[in-house]
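# Results of the structural survey
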Amino acid sequence: EIKSSALHKIPKDLKEVLTSNSKLAEKWNDLTPIARNEWICWVMYVKKVETRENHIKRLKEEILDGKEDLAVGWDALTEILMRKNGLSSLYLPFV
């Protein structure tokens, strides 16, 4: 069984990659729910299919290499999500 994240369901294409490799699935399941959430958001919130495929490929490589979370951090993920929803962090002084 592949564990989900704190907030998001695993997209079908990512789940297929995770289930196709038992070592990757094991390492994925060992991540914290928040770390899994960061990876899922990083895959989901891109515009181009090609970029999404590249992110999934990189996710696979980096998790197998032992990387637990993204270097992006919450500030960058918040900015990505806000831009996707047509908002600007300029209006949120706490971001």
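Residues numbered from 1 in each chain as written. Predicted model: local features only at pLDDT ≥ 70, side-chain atom pairs only at ≥ 80, totals over all residues. Heavy atoms only, no water.

Here we take up the pattern of salt bridges. Going through the model one piece at a time under the given rule, you end up with three salt bridges. The residue Arg 52 makes a salt bridge to Asp 13 at a minimum N-O spacing of 2.7 Å. Of the two residues, Arg 52 sits in helix α4 (residues 49-64) while Asp 13 sits in helix α1 (residues 12-19), which places them 39 residues apart along the sequence. We classify Arg 52 as partly exposed; its relative accessible area is 21%. Judged by its relative accessible area of 29%, Asp 13 falls in the partly exposed class. Notably, a salt bridge pairs Lys 67 with Glu 62, separated by 3.3 Å at the nearest N-O pair. On the accessibility criterion, Lys 67 (28% relative accessible area) is partly exposed. The structure contains a network of salt bridges with shared partners spanning Arg 58, Glu 62 and Lys 67. (Salt bridge = Lys/Arg side-chain N within 4 Å of Asp/Glu carboxyl O. Helix = DSSP H or I, 4+ residues; strand = E, 2+ residues; numbered from the N terminus. Buried < 20%, exposed > 50% of the residue type's maximum accessible area, 1.4 Å probe, protein only.)

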